[in-house]
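# Chains, contacts and geometry: an overview
Below are the chains, spelled out letter by letter.
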Amino acid sequence: MRPRTLDEYVGQQHLVGPGAVLRKMIDAGHISSFILWGPPGVGKTTLAQIIANKLETPFYTLSAVTSGVKDVREVIQKAAAHRFFNTPSPILFIDEIHRFSKSQQDSLLGAVEKGTVTLIGATTENPSFEVIRPLLSRCQLYVLKSLEKEDLLELLHRAITQDVELKQRHIELKETGAILRYSGGDARKLLNILELVVEAAGSGDVVITDAFVEQQLQANPLAYDKGGDMHYDIISAFIKSIRGSDPDAALYWMARMIEGGEDPQFIARRVVISAAEDIGLANPNALLLANAAFDAVMKIGWPEGRIPLAEAVVYLATSPKSNSAYLGIDKALQCVRKTGNQPVPLHLRNAPTKLMADLGYHDGYQYPHDFPGHWVQQQYLPDGLQNAHFWEPQHSPAEEQQTKRWKGFRGE
């Protein structure tokens, strides 16, 4: 069922549709090196093969899982031997290019730069993290998207009407919700599920329903790679939903992580961080509740641990927000890195020995508790930073109350 032409290719219209960038290059008969980045089963390998067929140029394939530097050099030598003037460069397609080591990627640089080969790489991981910068700078990057519902339905109908085996069976797609959900936008998975369900139906007519698909698969339909990009995308959406005061979205993204098998401790740690970073001094109780939820998860485990976590998440999402402490410590760190080790003023130093006392350690220090309101005007920053300010209060009821008291001491 693999498409052989762009007209048969399903999805990715932003790349191969009329007037799109890849369609223009292919129609012009000349392409430059590029990397295709997208989830599994969306047509990366298929697109590379269609391009090779269309351009009628030698096509070499390497898998980063099984190939080494020696294999790369051998293919480049073959490509150089087949390269003639005024002909397109042979295409070298490397699947899972993110699995190539630095030395393997280095071995490609010269051939790509000289045009000995046109490199097409395919990866499911973010190339900016996994592909070396010199190679990435020599390639265009095109992002492929998960297939939409309409794309998947088109593939299903094409399979049951055109596949040599399936078109001999009378297959009725009575319900498609489950098969689409389990495929997760992955065409390969979709066709594998279709094949499995048809085989399970035995001989005769096949009626595909959601219940029948779920009965045959009995698996978690969620795509969630705890080490991949989706892991980071979902936790990012989770934190941003709390920061944006949307408890419904925050609970949804947490549910996605729970159903995907995420480590509960990871979720709980992120909740604690969010309480300090995003709610902060606007509601200091948020950090206490987040930490209590973390302890509860450690004590009671899963699945009951989801309840205190949900309580904390809703509380954080609906709390007033302030990142003044977060900004303040970052501003102080920048100052330290810029100014280096400034000496501690003598009056702030302890004097446990007579020598230290003779040198003036502790001289002039005023004990705040001896003064009204437990406060006295005194220098606490180094001499060169006396007028530095790192904490800028923000507008929330709790923080404004703290600010009023603080500024009252200072006579502001």
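Rules and cut-offs
- Residues numbered from 1 in each chain as written.
- Predicted model: local features only at pLDDT ≥ 70, side-chain atom pairs only at ≥ 80, totals over all residues.
- Heavy atoms only, no water.
- Helix = DSSP H or I, 4+ residues; strand = E, 2+ residues; numbered from the N terminus.
- Buried < 20%, exposed > 50% of the residue type's maximum accessible area, 1.4 Å probe, protein only.
- Contact = heavy atoms within 4.5 Å.
- Pairing = 2+ DSSP bridges.
- Axes fitted to C-alpha atoms, helices over the stretch in contact; angles between N-to-C directions.

A few words on unusual backbone geometry. Note the cis peptide between Trp302 and Pro303, where omega equals 5°. Here Gln12, not a glycine, exhibits a phi torsion of approximately 55°, which is positive. Among the secondary structure elements, Gln12 is positioned in the segment before α1 (13–16). For Gln12, a relative accessible area of 6% gives the class buried. The phi torsion at Ser245 lies on the positive side, around 60°, for a residue other than glycine. By the element assignment, Ser245 lies in the loop between α12 (229–243) and α13 (247–259).

Its location among the elements puts Ser274 in helix α14 (residues 264–279). For Ser274, a relative accessible area of 1% translates into the label buried. Here Ser274 is in contact with Ile239, Ile242, Ile279 and Leu316, once residues within four sequence places are set aside.

Before going further, it helps to spend a moment on the environment of Thr45. The topology assignment puts Thr45 in helix α3 (residues 44–55). For the pair formed by Thr45 and Asp27, sequence separation is 18 residues and the distance between their alpha carbons is 19 Å. Among residues more than four places away in sequence, those in contact with Thr45 are Arg2, Phe93 and Asp95.

To continue, consider the sheet that holds strand β2 (residues 59–63). Strand order in the open sheet formed by 5 strands is β2-β3-β4-β1-β5, with parallel pairing between adjacent strands. Here the strands that pair on one side only, and so sit at the sheet edges, are β2 and β5 (140–143). If you compare each strand with its neighbour and ignore which way they point, the axes differ by 20° on average. One ladder, built from 4 bridges, connects strand β1 (residues 34–37) with strand β4 (residues 118–123); its direction is parallel. Its bridge partner being in β4, Phe34 is matched across the sheet by Ile120.

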